[in-house]
Amino acid sequence: MSTPTPVLSFSPVVLSVPGRPVDLQVRVSAPATGTNLPVILLSHGHGPSNNLSSLNGYAPLANLWAAHGFIVIQPTHLTSRTLSHLVADAPGAPDFWRSRAEDMTHILDRLDVIEHTVPQLAGRIDPTKITLAGHSLGGFTAALLLGAGLTDPDTGNLVHLAEPRIKAGVLLAAPGRGGEVFNGPVAKQWPIIGAVDFSTMTTPALIVAGDKDDPQHFTDMGPAWHTDPYTLAPAPKTLLTLFGAEHGLGGIAGYDAAETTDENPERVTALAHLTASYLHTQLHPNAPTWQTVCEALMTGPDPIGRAESK
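Residues numbered from 1 in each chain as written. Predicted model: local features only at pLDDT ≥ 70, side-chain atom pairs only at ≥ 80, totals over all residues. Heavy atoms only, no water.

**Describing the pattern of salt bridges**
Then step 1. According to the stated counting rule, one finds seven salt bridges in the structure shown.
Then step 2. The residue Arg98 makes a salt bridge to Asp152 at a minimum N-O spacing of 3.9 Å. Separated by 54 residues along the polypeptide, Arg98 in helix α3 (residues 97–109) and Asp152 in the loop between β6 (149–151) and β7 (158–160) bring together distant segments of the chain.
Then step 3. A relative accessible area of 33% places Arg98 in the partly exposed class. (Salt bridge = Lys/Arg side-chain N within 4 Å of Asp/Glu carboxyl O. Helix = DSSP H or I, 4+ residues; strand = E, 2+ residues; numbered from the N terminus. Buried < 20%, exposed > 50% of the residue type's maximum accessible area, 1.4 Å probe, protein only.)

Structural data, given as C-alpha coordinates:
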(Lines give C-alpha, C1' and ligand atoms only; values in the text may rest on other atoms or scores of the structure.)
Protein backbone atom coordinates (compact mmCIF):
# COMPACT_ATOMS: atom_id res chain seq x y z
CA MET A 1 0.00 0.00 0.00
CA SER A 2 1.41 3.39 -0.98
CA THR A 3 2.13 6.04 1.63
CA PRO A 4 -0.60 8.71 1.73
CA THR A 5 0.41 12.21 0.68
CA PRO A 6 -0.06 14.67 3.59
CA VAL A 7 -2.45 17.51 2.76
CA LEU A 8 -2.69 20.94 4.41
CA SER A 9 -6.10 22.63 4.65
CA PHE A 10 -6.57 26.24 5.73
CA SER A 11 -9.82 28.16 6.17
CA PRO A 12 -11.30 30.62 6.06
CA VAL A 13 -9.24 32.91 3.89
CA VAL A 14 -11.37 36.06 3.87
CA LEU A 15 -11.41 38.28 0.79
CA SER A 16 -13.27 41.59 0.89
CA VAL A 17 -15.14 42.18 -2.38
CA PRO A 18 -16.71 45.62 -2.99
CA GLY A 19 -20.46 45.33 -3.52
CA ARG A 20 -20.69 41.73 -2.32
CA PRO A 21 -23.14 41.58 0.62
CA VAL A 22 -20.73 39.45 2.69
CA ASP A 23 -17.01 38.78 2.44
CA LEU A 24 -15.86 35.98 0.15
CA GLN A 25 -14.55 33.12 2.26
CA VAL A 26 -12.48 30.29 0.79
CA ARG A 27 -10.80 27.09 1.91
CA VAL A 28 -7.41 26.20 0.48
CA SER A 29 -6.13 22.62 0.41
CA ALA A 30 -2.63 21.81 -0.76
CA PRO A 31 -0.07 19.01 -0.69
CA ALA A 32 2.46 19.46 2.10
CA THR A 33 5.33 19.58 -0.41
CA GLY A 34 5.93 20.60 -4.00
CA THR A 35 6.29 23.77 -6.05
CA ASN A 36 4.84 25.14 -9.30
CA LEU A 37 1.54 23.62 -8.27
CA PRO A 38 -1.56 23.92 -10.49
CA VAL A 39 -4.88 25.17 -9.12
CA ILE A 40 -8.38 23.68 -9.14
CA LEU A 41 -11.18 26.14 -8.36
CA LEU A 42 -14.05 24.06 -6.92
CA SER A 43 -17.63 25.36 -7.16
CA HIS A 44 -20.07 23.72 -4.76
CA GLY A 45 -23.62 22.66 -5.52
CA HIS A 46 -26.90 23.47 -3.81
CA GLY A 47 -27.88 20.37 -1.87
CA PRO A 48 -30.10 19.98 1.22
CA SER A 49 -27.29 20.15 3.79
CA ASN A 50 -26.11 23.38 5.39
CA ASN A 51 -22.35 23.04 5.22
CA LEU A 52 -21.69 20.79 2.25
CA SER A 53 -22.72 23.67 0.00
CA SER A 54 -19.90 25.85 1.29
CA LEU A 55 -16.13 25.90 1.72
CA ASN A 56 -16.63 23.04 4.19
CA GLY A 57 -17.95 20.56 1.62
CA TYR A 58 -16.44 18.22 -0.97
CA ALA A 59 -13.60 17.01 1.26
CA PRO A 60 -13.51 13.60 -0.48
CA LEU A 61 -12.54 15.32 -3.74
CA ALA A 62 -10.55 18.25 -2.37
CA ASN A 63 -8.29 16.07 -0.24
CA LEU A 64 -7.64 13.57 -3.02
CA TRP A 65 -6.96 16.31 -5.58
CA ALA A 66 -4.55 18.01 -3.20
CA ALA A 67 -2.82 14.67 -2.64
CA HIS A 68 -2.43 14.52 -6.44
CA GLY A 69 -0.48 17.77 -6.39
CA PHE A 70 -3.17 20.43 -6.94
CA ILE A 71 -3.97 23.53 -4.90
CA VAL A 72 -7.74 23.30 -4.37
CA ILE A 73 -9.58 26.57 -3.65
CA GLN A 74 -13.22 26.36 -2.52
CA PRO A 75 -15.36 29.48 -2.11
CA THR A 76 -18.60 29.75 -0.19
CA HIS A 77 -20.95 31.11 -2.84
CA LEU A 78 -23.89 33.34 -1.89
CA THR A 79 -26.25 30.43 -2.63
CA SER A 80 -24.88 28.54 0.38
CA ARG A 81 -27.45 27.72 3.06
CA THR A 82 -24.90 28.95 5.60
CA LEU A 83 -25.53 32.48 4.27
CA SER A 84 -29.30 32.32 3.66
CA HIS A 85 -30.16 34.47 6.69
CA LEU A 86 -27.72 37.17 5.54
CA VAL A 87 -28.37 37.43 1.81
CA ALA A 88 -32.02 36.46 1.30
CA ASP A 89 -32.92 39.98 0.10
CA ALA A 90 -29.62 40.77 -1.65
CA PRO A 91 -29.58 41.59 -5.37
CA GLY A 92 -29.28 38.39 -7.38
CA ALA A 93 -31.08 36.18 -4.86
CA PRO A 94 -31.86 33.34 -4.76
CA ASP A 95 -29.73 31.83 -7.56
CA PHE A 96 -26.86 34.39 -7.56
CA TRP A 97 -25.82 33.05 -10.96
CA ARG A 98 -23.60 36.00 -11.81
CA SER A 99 -22.05 36.26 -8.36
CA ARG A 100 -21.15 32.57 -8.32
CA ALA A 101 -19.09 32.95 -11.48
CA GLU A 102 -17.59 36.26 -10.36
CA ASP A 103 -16.40 34.62 -7.13
CA MET A 104 -13.90 32.63 -9.18
CA THR A 105 -12.62 35.70 -10.99
CA HIS A 106 -12.16 37.48 -7.65
CA ILE A 107 -10.15 34.50 -6.38
CA LEU A 108 -7.88 34.57 -9.43
CA ASP A 109 -7.43 38.32 -9.05
CA ARG A 110 -6.26 37.73 -5.45
CA LEU A 111 -4.14 34.61 -5.81
CA ASP A 112 -1.16 36.50 -4.42
CA VAL A 113 -3.14 37.41 -1.30
CA ILE A 114 -4.23 33.80 -0.85
CA GLU A 115 -0.69 32.56 -1.36
CA HIS A 116 0.70 34.81 1.35
CA THR A 117 -2.20 34.24 3.76
CA VAL A 118 -2.02 30.45 3.83
CA PRO A 119 0.96 29.19 5.87
CA GLN A 120 3.60 27.30 3.88
CA LEU A 121 2.04 28.21 0.53
CA ALA A 122 4.08 31.24 -0.54
CA GLY A 123 5.89 30.74 -3.83
CA ARG A 124 4.29 27.35 -4.54
CA ILE A 125 1.38 28.26 -6.89
CA ASP A 126 1.80 28.28 -10.67
CA PRO A 127 -0.63 31.06 -11.71
CA THR A 128 -0.47 29.93 -15.35
CA LYS A 129 -2.00 26.53 -14.56
CA ILE A 130 -5.58 27.29 -13.50
CA THR A 131 -8.36 24.73 -13.79
CA LEU A 132 -11.95 24.52 -12.59
CA ALA A 133 -14.45 21.96 -11.33
CA GLY A 134 -18.08 22.23 -10.29
CA HIS A 135 -20.76 19.82 -9.09
CA SER A 136 -24.46 20.15 -9.93
CA LEU A 137 -25.22 23.90 -9.66
CA GLY A 138 -21.45 24.27 -9.48
CA GLY A 139 -21.31 22.59 -12.88
CA PHE A 140 -23.68 25.28 -14.17
CA THR A 141 -21.27 27.91 -12.79
CA ALA A 142 -18.31 26.11 -14.33
CA ALA A 143 -20.00 26.06 -17.74
CA LEU A 144 -20.33 29.86 -17.69
CA LEU A 145 -16.67 30.29 -16.75
CA LEU A 146 -15.66 27.91 -19.55
CA GLY A 147 -17.49 30.00 -22.14
CA ALA A 148 -21.18 29.05 -22.16
CA GLY A 149 -23.54 31.94 -22.76
CA LEU A 150 -26.59 32.75 -20.70
CA THR A 151 -29.73 34.69 -21.53
CA ASP A 152 -30.36 36.98 -18.57
CA PRO A 153 -34.01 36.37 -17.63
CA ASP A 154 -34.34 39.92 -16.30
CA THR A 155 -33.05 41.76 -19.38
CA GLY A 156 -33.17 39.21 -22.21
CA ASN A 157 -29.54 40.02 -22.99
CA LEU A 158 -26.97 37.32 -23.74
CA VAL A 159 -24.28 37.35 -21.06
CA HIS A 160 -20.79 35.85 -21.28
CA LEU A 161 -18.70 35.39 -18.12
CA ALA A 162 -15.86 33.31 -19.59
CA GLU A 163 -12.64 33.43 -17.57
CA PRO A 164 -9.69 33.20 -19.98
CA ARG A 165 -7.20 32.30 -17.21
CA ILE A 166 -8.92 28.92 -16.79
CA LYS A 167 -7.22 26.36 -19.03
CA ALA A 168 -9.58 23.40 -18.54
CA GLY A 169 -12.58 22.34 -16.51
CA VAL A 170 -14.55 19.44 -15.08
CA LEU A 171 -18.36 19.47 -14.95
CA LEU A 172 -19.72 16.97 -12.42
CA ALA A 173 -23.41 16.04 -12.80
CA ALA A 174 -24.02 19.45 -14.35
CA PRO A 175 -27.42 20.65 -15.65
CA GLY A 176 -28.26 20.24 -19.31
CA ARG A 177 -30.27 22.17 -21.86
CA GLY A 178 -33.37 24.32 -21.51
CA GLY A 179 -36.13 24.60 -24.08
CA GLU A 180 -38.94 22.08 -24.48
CA VAL A 181 -37.18 19.35 -22.50
CA PHE A 182 -36.84 21.64 -19.48
CA ASN A 183 -40.26 20.60 -18.30
CA GLY A 184 -39.94 19.14 -14.80
CA PRO A 185 -41.86 20.35 -11.74
CA VAL A 186 -38.95 22.47 -10.45
CA ALA A 187 -37.98 23.97 -13.81
CA LYS A 188 -40.20 27.05 -13.37
CA GLN A 189 -38.56 27.82 -10.02
CA TRP A 190 -35.07 27.74 -11.60
CA PRO A 191 -35.50 29.29 -15.07
CA ILE A 192 -31.86 30.35 -15.05
CA ILE A 193 -30.78 26.70 -15.37
CA GLY A 194 -32.52 26.44 -18.74
CA ALA A 195 -31.07 29.73 -20.02
CA VAL A 196 -27.59 28.39 -20.81
CA ASP A 197 -26.19 28.12 -24.35
CA PHE A 198 -23.38 25.55 -24.51
CA SER A 199 -22.46 26.32 -28.12
CA THR A 200 -19.81 28.86 -27.03
CA MET A 201 -18.26 26.71 -24.26
CA THR A 202 -14.95 26.39 -26.07
CA THR A 203 -12.55 25.72 -23.18
CA PRO A 204 -11.48 22.05 -22.94
CA ALA A 205 -13.66 20.21 -20.44
CA LEU A 206 -14.43 16.80 -18.99
CA ILE A 207 -18.15 16.24 -18.49
CA VAL A 208 -18.91 13.60 -15.86
CA ALA A 209 -22.38 12.02 -15.78
CA GLY A 210 -23.83 9.14 -13.79
CA ASP A 211 -25.89 6.72 -15.85
CA LYS A 212 -28.41 6.47 -12.97
CA ASP A 213 -28.64 10.24 -12.35
CA ASP A 214 -32.24 10.89 -13.39
CA PRO A 215 -33.14 14.61 -12.93
CA GLN A 216 -36.93 14.17 -13.00
CA HIS A 217 -37.45 17.48 -11.16
CA PHE A 218 -35.98 19.33 -14.16
CA THR A 219 -36.70 17.18 -17.22
CA ASP A 220 -38.09 13.93 -18.57
CA MET A 221 -34.93 13.37 -20.66
CA GLY A 222 -33.48 11.03 -18.05
CA PRO A 223 -29.76 10.75 -17.24
CA ALA A 224 -28.83 11.84 -20.79
CA TRP A 225 -29.71 15.45 -19.79
CA HIS A 226 -26.47 15.61 -17.81
CA THR A 227 -24.49 14.80 -20.97
CA ASP A 228 -25.75 17.93 -22.77
CA PRO A 229 -22.66 20.00 -21.89
CA TYR A 230 -20.70 17.42 -23.90
CA THR A 231 -23.20 16.93 -26.72
CA LEU A 232 -24.02 20.60 -27.29
CA ALA A 233 -20.60 22.18 -26.72
CA PRO A 234 -17.83 22.37 -29.31
CA ALA A 235 -14.69 20.24 -29.17
CA PRO A 236 -12.40 19.56 -27.45
CA LYS A 237 -14.61 17.80 -24.90
CA THR A 238 -14.53 14.45 -23.12
CA LEU A 239 -17.52 12.62 -21.64
CA LEU A 240 -17.02 10.28 -18.69
CA THR A 241 -20.07 8.15 -17.91
CA LEU A 242 -19.90 6.48 -14.49
CA PHE A 243 -21.73 3.17 -14.25
CA GLY A 244 -24.29 2.97 -11.44
CA ALA A 245 -23.70 6.56 -10.33
CA GLU A 246 -26.50 8.86 -9.23
CA HIS A 247 -26.32 12.62 -8.60
CA GLY A 248 -23.85 12.31 -5.74
CA LEU A 249 -21.43 10.39 -7.97
CA GLY A 250 -20.66 8.05 -5.08
CA GLY A 251 -20.49 10.70 -2.37
CA ILE A 252 -18.27 13.57 -3.54
CA ALA A 253 -20.07 16.28 -1.54
CA GLY A 254 -18.96 15.01 1.86
CA TYR A 255 -17.80 12.03 3.85
CA ASP A 256 -20.76 9.83 4.89
CA ALA A 257 -23.32 12.43 3.77
CA ALA A 258 -26.84 11.16 4.40
CA GLU A 259 -28.20 12.56 1.13
CA THR A 260 -25.75 10.55 -0.95
CA THR A 261 -28.08 8.03 -2.58
CA ASP A 262 -25.29 6.01 -4.21
CA GLU A 263 -22.57 5.94 -1.57
CA ASN A 264 -19.52 4.26 -3.04
CA PRO A 265 -16.10 5.33 -1.71
CA GLU A 266 -14.33 3.35 -4.41
CA ARG A 267 -16.19 5.32 -7.09
CA VAL A 268 -15.21 8.62 -5.45
CA THR A 269 -11.55 7.60 -5.34
CA ALA A 270 -11.65 6.49 -8.96
CA LEU A 271 -13.36 9.73 -9.98
CA ALA A 272 -10.71 11.77 -8.17
CA HIS A 273 -7.96 9.87 -10.03
CA LEU A 274 -9.72 10.29 -13.38
CA THR A 275 -10.45 14.01 -12.99
CA ALA A 276 -6.95 14.79 -11.69
CA SER A 277 -5.40 12.87 -14.57
CA TYR A 278 -7.61 14.65 -17.12
CA LEU A 279 -6.63 18.09 -15.78
CA HIS A 280 -2.96 17.08 -15.58
CA THR A 281 -2.99 16.02 -19.23
CA GLN A 282 -4.74 19.25 -20.25
CA LEU A 283 -2.02 21.25 -18.51
CA HIS A 284 0.74 18.99 -19.91
CA PRO A 285 -0.52 17.98 -23.38
CA ASN A 286 2.13 15.35 -24.01
CA ALA A 287 1.59 13.57 -20.68
CA PRO A 288 -0.04 10.12 -20.90
CA THR A 289 -1.69 10.52 -17.49
CA TRP A 290 -5.32 10.51 -18.65
CA GLN A 291 -4.84 7.56 -21.00
CA THR A 292 -3.00 5.56 -18.34
CA VAL A 293 -5.64 6.07 -15.66
CA CYS A 294 -8.48 5.37 -18.12
CA GLU A 295 -6.89 2.07 -19.08
CA ALA A 296 -6.47 1.13 -15.43
CA LEU A 297 -10.04 1.96 -14.39
CA MET A 298 -12.12 1.36 -17.51
CA THR A 299 -10.81 -1.91 -18.85
CA GLY A 300 -11.18 -5.36 -17.38
CA PRO A 301 -14.18 -7.19 -15.96
CA ASP A 302 -15.50 -4.40 -13.70
CA PRO A 303 -14.96 -0.99 -15.35
CA ILE A 304 -15.85 2.16 -13.40
CA GLY A 305 -17.37 3.71 -16.54
CA ARG A 306 -16.63 4.63 -20.12
CA ALA A 307 -15.09 7.66 -21.82
CA GLU A 308 -15.41 9.23 -25.24
CA SER A 309 -13.95 12.38 -26.72
CA LYS A 310 -14.46 14.79 -29.59
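**Notes on the sheet that holds β7**
Then step 1. Read across the sheet, three strands follow the order β7-β6-β9 without closing on themselves; strand pairing throughout is antiparallel. The two strands at the open ends of the sheet, each matched to only one other strand, are β7 and β9 (196–197).
Then step 2. Sheet analysis places β6 next to β7, joined by three bridges and oriented antiparallel. Its bridge partner lying in β7, Leu150 is registered against Val159. (Pairing = 2+ DSSP bridges.)

**Let's talk about the environment of Ile252**
Then step 1. Checked against the element boundaries, Ile252 lands in the loop between β11 (237–242) and α7 (265–283).
Then step 2. Ile252 sits 35 residues away from Ala287 along the chain, and the two C-alpha atoms are 26 Å apart.
Then step 3. Once residues lying within four places of it in the same chain are set aside, the contact partners of Ile252 are Tyr58, Pro60, Leu61, His135, Leu172, Val268 and Leu271. (Contact = heavy atoms within 4.5 Å.)

**Topic: unusual backbone geometry**
Then step 1. Each neighbour pair has its own omega, and for Ala93 with Pro94 the value is 0°, a cis peptide bond.
Then step 2. Along the chain, Ala235 connects to Pro236 via a cis peptide bond; the corresponding omega equals 5°.
Then step 3. By secondary structure assignment, the location of Pro236 is in the loop between α6 (228–231) and β11.
Then step 4. A positive phi is found at Ser136, a non-glycine position, where the angle reads about 60°.
Then step 5. Inspection of the secondary structure puts Ser136 in the loop between β5 (125–135) and α5 (137–145).

**Some words on the packing of α7 against helix α8 (residues 289–298)**
Then step 1. Between α7 and α8, the shortest axis-to-axis distance is 7 Å and the interhelical angle comes to 155°. Classified by the angle between their axes, α7 and α8 sit roughly antiparallel to one another. In this structure, α7 crosses over α8, and the sense of that crossing is left-handed. Residues Ala270, His273, Leu274, Ser277, Tyr278, His280 and Thr281 of α7 touch α8, and the partners they reach there are Thr289, Trp290, Val293, Cys294, Leu297 and Met298.
Then step 2. Taken together, the residues of the contact of α7 with α8 break down into eight nonpolar, five polar and no charged. (Axes fitted to C-alpha atoms, helices over the stretch in contact; angles between N-to-C directions. Parallel < 35°, antiparallel > 145°, perpendicular 65-115°, else oblique. Left-handed = near helix turned anticlockwise from the far one by under 90°. Nonpolar A, V, L, I, M, F, W, Y, C, P; charged D, E, K, R; others polar.)

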